[in-house]
Amino acid sequence: MGSYVARAEIEVRAPRRAVWRLLTSNGSHPEILGGAEIVSDWRLGSRIVWRGEWEGRSFEDHGRVVELDDRAEPWRIVLTHYSPMSGQPDEPENYHTLRFELDETPEGTLVTLDQDNNPTAEAARHSSDNWDAMLRGVRTIAEREAGYAP
């Protein structure tokens with residue numbers, strides 16, 4: 001597809017372990033990806049599915065867990081991601097790689113998400129906007145669970 005990378009980044013006032021648990025949990029939250037359901041066993045090589053509704057259309061995206069650092073202090077997970085809504089065939093060259101990195105900060109956790117394989121700068125900006133919204137949802141839930149938000 002392309003060489004443009006989308007990036008989203010957010011500071012979360014919650015411990016890294018709490019943010020990790022939220023990012024690697026099954027189920028759905030209305031604040032994250034429009035409430036899409038996420039299903040995986042979160043092990044290296046495992047399939048991951050995102051299903052829900054976007055702008056009135058049902059979708060089921062999928063990918064795999066291709067890198068996982070889940071030691072005592074987890075900090076990185078890398079997933080592949082394919083969306084049939086892209087209009088592209090379900091072939092490896094049409095997948096994105098999503099790299100989530102969690103870095104401890106004095107205030108909590110800095111979450112950085114990079115998505116590769118965007119065909120244009122415009123597509124990368126659009127993806128960045130979508131991932132920014134997703135990370136704002138992660139922040140809302142993690143901070144609420146940590147007692148920092150209403």
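Residues numbered from 1 in each chain as written. Predicted model: local features only at pLDDT ≥ 70, side-chain atom pairs only at ≥ 80, totals over all residues. Heavy atoms only, no water.

1. Thoughts on the pairing of strand 2 (residues 37–40)
To keep it simple, the criterion reads: Exposure is judged per residue with a 1.4 Å probe applied to protein chains only, and the accessible area is read against the type maximum: over 50% gives exposed, under 20% gives buried, and values in between give partly exposed. Put simply, DSSP H or I for four residues or longer makes a helix, DSSP E for two residues or longer makes a strand, and each gets a number counted from the N terminus. Pairing between strands requires that DSSP locate at least two bridges from one strand to the other.
Of the two faces of strand 2, only the one carrying Ile38 and Ser40 is buried; Glu37 and Val39 on the other face are not. Between the antiparallel neighbours strand 2 and strand 3 (residues 47–54) lie six residues, among them Trp42 with a positive phi of about 55°.

2. So, the packing of helix 1 (residues 16–23) against helix 2 (residues 121–145)
What counts here: All axes are obtained by fitting lines to C-alpha atoms, using only the stretch in contact for helices, and the reported angles, taken between N-to-C directions, cover 0 to 180 degrees. Any angle that falls under 35 degrees is termed roughly parallel, while one over 145 is termed roughly antiparallel, one within 65 to 115 roughly perpendicular, and all others oblique. The sense of a crossing depends on the near helix, which, turned anticlockwise from the far helix by less than a right angle, makes the crossing left-handed and, turned clockwise, makes it right-handed. Note on contacts: a residue pair is in contact if any heavy atoms of the two residues lie within 4.5 Å. In this classification, the charged set is Asp, Glu, Lys and Arg, the nonpolar set is Ala, Val, Leu, Ile, Met, Phe, Trp, Tyr, Cys and Pro, and all remaining amino acids, among them Gly, are polar.
At their nearest, the axes of helix 1 and helix 2 sit 10 Å apart, and the two run at 125° to each other. Classified by the angle their axes make, helix 1 and helix 2 are oblique. Between helix 1 and helix 2 lies a crossing of right-handed hand. For the pair helix 1 and helix 2, the contacting residues are Val19, Leu22 and Leu23 in the first and Val138, Ile141 and Ala142 in the second. Here the contact of helix 1 with helix 2 is composed, by residue class, of six nonpolar, no polar and no charged.

3. With respect to the nonpolar core
Heads up, the rule is: Here, the term nonpolar core denotes a set of buried Ala, Val, Leu, Ile, Met, Phe, Trp, Tyr and Cys residues that are joined through side-chain atoms within 4.5 Å.
Within the largest apolar cluster, 29 residues are counted, with the highest numbers of intra-cluster contacts made by Val19, Leu79, Phe100, Val111 and Met134. Listing elements by their share of this core, those giving two or more residues are strand 1 (4–12), helix 1, strand 3, strand 4 (57–69), strand 5 (76–81), strand 6 (96–105), strand 7 (108–118) and helix 2. A per-element tally of this core places helix 2 first, with six residues. Filtering out sequence-adjacent residues up to four positions away, Met134 remains in contact with Ile32, Leu33, Phe100 and Leu113.

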